[in-house]
Amino acid sequence: LDIDRAVSRLRPGLSDLMRDLPELIEGLEIERYDRALQRFAREGVPPRVARRVACLGAIHSGVDVVEVALARKTPVAHAARVYFGLGAAIGLDWIHGEIERLAVDGHWQAVARGTLREEAYLLHRRLCDKVVARSGKCESGAAIRSWLTQGGGAAENLGRAVQEMKAIGTADFPTLSVALQAVRRLAER
């Protein structure tokens, strides 16, 4: 891995993304961002620092977003809107959050949670890439809706599964494994 080359290739896109991130996130990511800003304000953190730190949760996806933008020769903002919009539309933002909340008791559960996390980000990036590849000059929301409509049964099944899982209240390792299997089926179409 040529770290210097990777950093110089990704830095401009990541800088743009970090600067604009609050305007690009959707769904649960907005709620997480707003809660963090409120907490930091109560604690007296300067607004500029609070904004930057509140973005750190969503920036986990930054390299994936920039890689999609570079591969598809599209603006980072478009790739980010698709990434976060798609996450909100199909419940991937909820899945990511539930994976992070999993209680870990020992080494192997930590490995299992890490595997689920890695799989969720990989699938999210793959789905984003598919939508961006088909979107052309289309606005991100319209591109997502069109792609999900074409997804038919796989998109509907994922939506139903996520809604049922949300209704349970908390997710465990098996539940999230099933959720990711539904995401995988959608990504494979």
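Each remark here, short or long, concerns the structure printed above.
Parameters and conventions
Residues numbered from 1 in each chain as written. Predicted model: local features only at pLDDT ≥ 70, side-chain atom pairs only at ≥ 80, totals over all residues. Heavy atoms only, no water. Helix = DSSP H or I, 4+ residues; strand = E, 2+ residues; numbered from the N terminus. Rg over C-alpha atoms; globule rule 2.2 N^0.38 Å. Buried < 20%, exposed > 50% of the residue type's maximum accessible area, 1.4 Å probe, protein only. Contact = heavy atoms within 4.5 Å. Areas by Shrake-Rupley, 256 points an atom, 1.4 Å probe, with all protein chains shown as cover. Lys, Arg positive; Asp, Glu negative; His and termini not counted. Charge placed at Lys NZ, Arg CZ, Asp CG, Glu CD. Axes fitted to C-alpha atoms, helices over the stretch in contact; angles between N-to-C directions. Parallel < 35°, antiparallel > 145°, perpendicular 65-115°, else oblique. Left-handed = near helix turned anticlockwise from the far one by under 90°. Phe/Tyr/Trp six-rings, centres within 6.5 Å; stacked < 30°, edge-to-face > 60°. Lys NZ or Arg CZ within 6 Å of the ring centre and 35° of its normal. Disulfide = S-S within 2.5 Å. Core = buried A, V, L, I, M, F, W, Y, C linked by side-chain atoms within 4.5 Å. Nonpolar A, V, L, I, M, F, W, Y, C, P; charged D, E, K, R; others polar.

Brief notes about the overall build of the protein chain
In step 1: Helices and strands together make up the secondary structure of the protein chain, namely ten helices and zero strands.
In step 2: Its helices and strands taken in sequence order, the protein chain reads α-α-α-α-α-α-α-α-α-α from the N to the C terminus.
In step 3: Since a compact globule built from 189 residues should have a radius of gyration of about 16 Å, the 17 Å found for the protein chain is in line with a globular shape.
In step 4: Taken across its 189 residues, the protein chain has 42% of its residues classed as buried.
In step 5: A separation threshold of at least 6 residues defines the contact pool for the protein chain, and within that pool the share at least 24 residues apart is 75%.
In step 6: Roughly 10,500 Å² of accessible area belongs to the protein chain as shown, and the carbon and sulfur atoms make up 54% of that amount.
In step 7: Separation between the mean location of the 28 positive side-chain charges and that of the 24 negative ones in the protein chain comes to 4 Å.

Examining helix α4 (residues 62–72)
In step 1: What α4 keeps buried is the set G62, D64, V65, V66, E67, V68 and A69.
In step 2: On its buried face, α4 is in contact with α1 (3–24), α5 (76–90) and α7 (107–135).

Details of unusual backbone geometry
In step 1: Phi at K73 takes a positive value of approximately 50°, unusual for a residue other than glycine.
In step 2: Relative to the helices and strands, K73 resides in the loop between α4 and α5.

Thoughts on the side chain of H78
In step 1: Counting through the fold element by element, H78 comes out in helix α5.
In step 2: For H78, a relative accessible area of 13% gives the class buried.
In step 3: Excluding its chain neighbours within four sequence positions, the residues that come into contact with H78 are V132, S135, C138 and S140.

As for the packing of α5 against helix α8 (residues 140–151)
Two numbers describe a pair of packed helices, the interaxial angle and the distance between the axes.
In step 1: Two numbers describe how α5 lies on α8: the axes approach to 9 Å, and their chain directions differ by 45°. Between α5 and α8, the angle falls in the class oblique. In the packing of α5 onto α8, the handedness of the crossing is right-handed. On α8, the residues that touch H78, R81, V82, G85, L86, A89 and I90 of α5 are S140, I144 and L148.

Focus on the packing of aromatic side chains
In step 1: As enumerated under the stated definition, the model contains one aromatic pair in all.
In step 2: Aromatic pair Y83 and F84: ring centres 5.3 Å apart, planes at 75°, arrangement edge-to-face. F84 matches Y83 in its accessibility class, with the two residues each being buried.
In step 3: In this structure, R189 packs its charged tip against the face of W147, placed 3.8 Å from the ring centre.

Observations regarding the state of the cysteines
In step 1: Using the criterion set out here, one finds zero disulfides in the structure.
In step 2: No disulfide involves C55; its sulfur sits 18 Å from that of C128, the nearest cysteine.
In step 3: Unpaired in terms of disulfides, C138 finds its nearest cysteine sulfur in C128, a separation of 14 Å.

Details of the nonpolar core
In step 1: Counting 57 residues, the largest nonpolar core has I95 and L127 as its most contacted members.
In step 2: Residue contacts for L127: discarding those within four places in its chain leaves L86, I90, L92, W147, V183, L186 and A187.

Observations regarding the packing of helix α2 (residues 28–42) against helix α6 (residues 92–101)
In step 1: Relative orientation of the contacting elements α2 and α6 amounts to 50°, with a least axis distance of 8 Å. Classed by the angle they form, the pair α2 and α6 counts as oblique. Contacts between α2 and α6 involve L28, E29 and R32 on the former and, on the latter, D93, W94 and G97.
In step 2: Along the lines of polarity and charge, the residues of the contact of α2 with α6 split into two nonpolar, one polar and three charged.

Keep in mind these values describe shape, not function.
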